[in-house]
Amino acid sequence: MLDFLGNLERTDLCGELRAADAGKQVVVMGWVNRRRDHGNLIFLDLRDRSGLAQIVLDKELTPEGHLKGEQVRPEYVVAAVGKVRLRGADAINPKMPTGEIEIEATELLVLNDTRLAPFSPSDEAIQNEETRLKYRYVDLRRPEMQRNFRLRHDITLAIRESLSKQGFLEIETPILTKSTPEGARDFLVPSRVHPGEFYALPQSPQIFKQILMISGFDRYFQIARCFRDEDQRADRQLEFTQVDLEMSFPRRESVFEVVELFCKAAFAVAGVALQTPFPRITYDEAMKQYGTDKPDLRLPGLTDVRSAFTDADLGTLQIDPALPVVALRIPKVGELSRKEREENHPTFDSKKGAKFIDDFKRLAKGFPEAAAKVRELAGAAEGDFVIIVAGDPAHHIKASDTKFPGRLSEREINVYAAAGNFRSELAKKYAEKHGAFAITEAAVNKTEPLAGAAGVMPFNPIWIVDFPMFEYDLADAKWVPAHHPFTSPYEADMANLLTDPASVRANCYDLAMNGLELGSGSIRIHRKDVQQQIFQSLGISDEEAHQRFGFFLDALEYGTPPHGGIALGLDRIVMLLAGAPSLREVIAFPKTAKAIDLMADAPTTVSEHQLKELHIRVALKS
């Protein structure tokens, strides 16, 4: 028989009681985490979001409560009334924050029972993620998940407080808006009252936050929900949350200062002391040093080892002398067996004109001087694993492979990118396998350097600047924006917009940390004539521009101030600080890798009546 709560009110949270509360009369409520029956004494570990408290049901003191205690099982919802008392010295549990006390219950109410779930929140490890997501309401009871979402709340609060102190106003922008397809696909929402017309869910508040600057709000921010119909990854979801901000009359450095302040406050919540200002590196330097525009600074960078080889050496090794020759090292892995090396081959992307040499013993036999020089240049110590990545001369040159003045060519970028990808994938693999520098786990003491990597901190932010304004799309044979088309080019490069688009630099910036892009932003175009030039350089006609962005182009004519901003992924920040392997661990109700909500069973079909109201007919391909 279940009890009603009646007028009973909770006085304390389970996990907050301490020795100083001894003698206090309390009412606690929660879920039974564990039950132990010792005959006349029954012990219940009661759990709420704050932690655990031990309840003692003494048959002599509360025979009715003891009888109920015999019937309850894990995950029953109960309320206990009683007095806090100190445990005996031999009964203290140092592993529990409440391990010095227990509650001697005088009354127990059983508020609800439970079906047998496929797993228990008290289980140490739950292997099947799909089961966890299907029964998410049980999964979220686990202490690890409760910690993640307390952390998320605290981080969000710290960001809000920091931005408010810096003069930003929190303003909400529309969820139902106009479809302006660019980058990822829009989620479309049919209009019932306007047959055949659609809203779109926002990929970002980009245009609206720029309009807020035109409206004179000067500094805006929003913890914004965004939606992108794109393929899922561990660091990507269909719907996500970003810290979105925009400011008027900024220099690039002004945006950096604002972001660094709120990041410092957010990371401090988790006990991480970020050092400011964050380091900066250009896009070309990032590609040369790390092979990626989101470098993980905890790993050794790439090393140019072209000087270790003669032209004759490169010819024998079938390496293109016109392209970079770089070495990457993974600390403390040692030489790999032939089988291990073969296992790595699928990891390496050889489709873009790059090749690698991983058999260093063989290289040392044929080219002893070159091999020794490579290890010297790379700073390889005893036990470090070294790989060489270079250009493949068999790769066919395309028109877009031309080297542009002052910038890396596409073929050079491909070699660096292949090395960078190989670098991060091998580091993840061998950190776990060989106990080398662990890049996948947060350090226990987040203010100390990581073990095995002297001086390297577990969280290493870096600004990436001076990106190319445009990228060449081989499939469509045209230039496309490397970011979004509202990004301002450098003033010094404006003359090259139509004649030499590859040389134009964007006044944009990314913030990366530990191999993840945390955020991306730019100084925006605030003049209509410049915006029209950008559209023209992208092959967007006046008619198309007006159809897609007409209301924004009109707004630019009404006294638009210079402005700029950025958006950072809140989910990614929390994922890093929680030490979680994927975003699904820090989003309450995430989608699977197949974009399915297993708990709510979404997406699903809808009734013909609903479709008819929306003037929609579904035609599936056979």
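Predicted model, so just to flag it, every value in this text is computed and none were measured. (Residues numbered from 1 in each chain as written. Predicted model: local features only at pLDDT ≥ 70, side-chain atom pairs only at ≥ 80, totals over all residues. Heavy atoms only, no water.)

**Q** Would you mind going over helix α14 (residues 542-555) with me for this structure?
**A** When the terminal C-alpha atoms of α14 are compared, their 16 Å separation across 14 residues is substantially less than the 20 Å that a helix rising 1.5 Å per residue should span. Residue Phe 549 marks the point of greatest curvature in α14, where the axis turns by about 95°. Residues of α14 that are buried make contact with α5 (206-214) and α13 (528-537). (Helix = DSSP H or I, 4+ residues; strand = E, 2+ residues; numbered from the N terminus. Expected span 1.5 Å × (residues − 1). Bend = angle between axes of the 7 residues up to and from the residue. Contact = heavy atoms within 4.5 Å.)

**Q** Even after reading the chapter, I still don't get the pattern of salt bridges, so can you show me in this structure?
**A** According to the stated counting rule, one finds 39 salt bridges in the structure shown. One salt bridge in this structure joins Asp 139 and Arg 136, with 2.8 Å as the shortest N-O distance. With Asp 139 and Arg 136 both in helix α3 (residues 136-139) and three residues apart, the pair spans about one turn of that helix. Residue classification places Arg 136 among the buried residues on the basis of a relative accessible area of 2%. Of the charged contacts, one joins Arg 505 and Asp 493 as a salt bridge, the two residues approaching to 2.8 Å between their closest N and O atoms. Residue Arg 505 is found in strand β19 (residues 505-513), and its partner Asp 493 is found in the loop between β18 (478-481) and β19; the two are separated by twelve residues along the sequence. Using a relative accessible area of 25% as the deciding quantity, one classes Arg 505 as partly exposed. Put simply, Arg 132, Arg 136, Asp 139, Arg 142, Glu 144 and Glu 585 are held in one network by salt bridges that share partners. (Salt bridge = Lys/Arg side-chain N within 4 Å of Asp/Glu carboxyl O. Buried < 20%, exposed > 50% of the residue type's maximum accessible area, 1.4 Å probe, protein only.)

**Q** What exactly am I supposed to notice about a nonpolar patch on the surface here?
**A** On the surface, a cluster of nonpolar side chains totalling about 290 Å² of accessible area is made up of Tyr 137, Phe 589 and Met 599. Residue placement: Phe 589 occurs in the loop between α15 (570-578) and α16 (608-613). The class of Phe 589 is partly exposed, set by a relative accessible area of 44%. (Patch = residues over 30% accessible without salt bridge, like charges linked within 9 Å, V, L, I, M, F, W, Y side chains within 5 Å. Areas by Shrake-Rupley, 256 points an atom, 1.4 Å probe, with all protein chains shown as cover.)

**Q** Looking at this structure, I do not really get the side chain of Glu 585. What am I missing?
**A** In this fold, Glu 585 is placed in the loop between α15 and α16. Judged by relative accessible area, which is 6%, Glu 585 ranks as buried. A polar atom in the side chain of Glu 585 sits 3.0 Å from the side chain of Arg 132. If we ignore the near neighbours within four places in the chain, the residues touching Glu 585 are Glu 129, Arg 132, Arg 142, Glu 144, Met 145, Asn 148, Phe 149 and Ala 580. (Polar contact = N/O pair within 3.5 Å; in protein donor to acceptor, adjacent residues only side chain to side chain.)

**Q** Help me understand unusual backbone geometry, please; the structure alone is not making it clear to me.
**A** Peptide bonds are, in most cases, trans, and in most cases residues other than glycine have a negative phi. Here the residue pair Thr 276 and Pro 277 is connected by a cis peptide bond, since its omega of 0° sits within 30 degrees of zero. Mapped onto the fold, Pro 277 is located in the loop between α6 (252-269) and β11 (280-282). Cis geometry is found at the peptide bond from Ala 602 to Pro 603, where omega equals 5°. Assignment of secondary structure puts Pro 603 in the loop between α15 and α16. Positive phi, normally seen in glycine, also occurs at Lys 332, with a value near 65°.

**Q** What exactly am I supposed to notice about the sheet that holds strand β13 (residues 325-330) here?
**A** Strand-to-strand pairing in sheets goes through backbone hydrogen bonds, with the strands running parallel or antiparallel. The four strands are arranged β12-β13-β15-β14 in an open sheet whose pairing can be described as antiparallel. The open sheet is flanked by β12 (303-304) and β14 (354-357), the only strands paired with a single partner. As defined by bridge partners, β12 adjoins β13 across two bridges and the pair is classed as antiparallel. Looking across to β13, one finds that Thr 303 is bridged to Ala 327. (Pairing = 2+ DSSP bridges.)

**Q** Is there a simple way to explain the confidence of the model for the protein chain in this structure?
**A** Regions with low pLDDT should not have their predicted coordinates read in detail. Counting all residues, the mean pLDDT for the protein chain is 89, and 93% of those residues have values of 70 or more. Contacts of residues 438-455 to residues separated by more than four positions or lying in other chains number 37 contacts, the stretch itself having pLDDT below 50. (pLDDT = per-residue confidence, 0-100.)

**Q** How should I be thinking about the nonpolar core in this particular structure?
**A** Here is a general trend for soluble globular proteins: nonpolar side chains tend to be buried in one another's company. Leu 328, Ile 387 and Val 389 are the most contacted members of the largest nonpolar core, which has 54 residues in total. Top contributing element to this core by residue count: helix α12 (residues 410-434), with nine residues. Once residues lying within four places of it in the same chain are set aside, the contact partners of Leu 328 are Leu 302, Phe 385, Val 386, Ile 387, Val 389, Ala 419, Phe 422 and Arg 423. Of all hydrophobic cores here, the second largest spans 42 residues; its members include Met 247, Leu 274, Tyr 509 and Leu 568. (Core = buried A, V, L, I, M, F, W, Y, C linked by side-chain atoms within 4.5 Å.)

**Q** Any chance you could explain the environment of Ala 506 here in plain terms?
**A** Relative to the helices and strands, Ala 506 resides in strand β19. Residue classification places Ala 506 among the buried residues on the basis of a relative accessible area of 1%. Separated by 278 residues in the primary sequence, Ala 506 and Arg 228 have C-alpha atoms spaced 24 Å apart.

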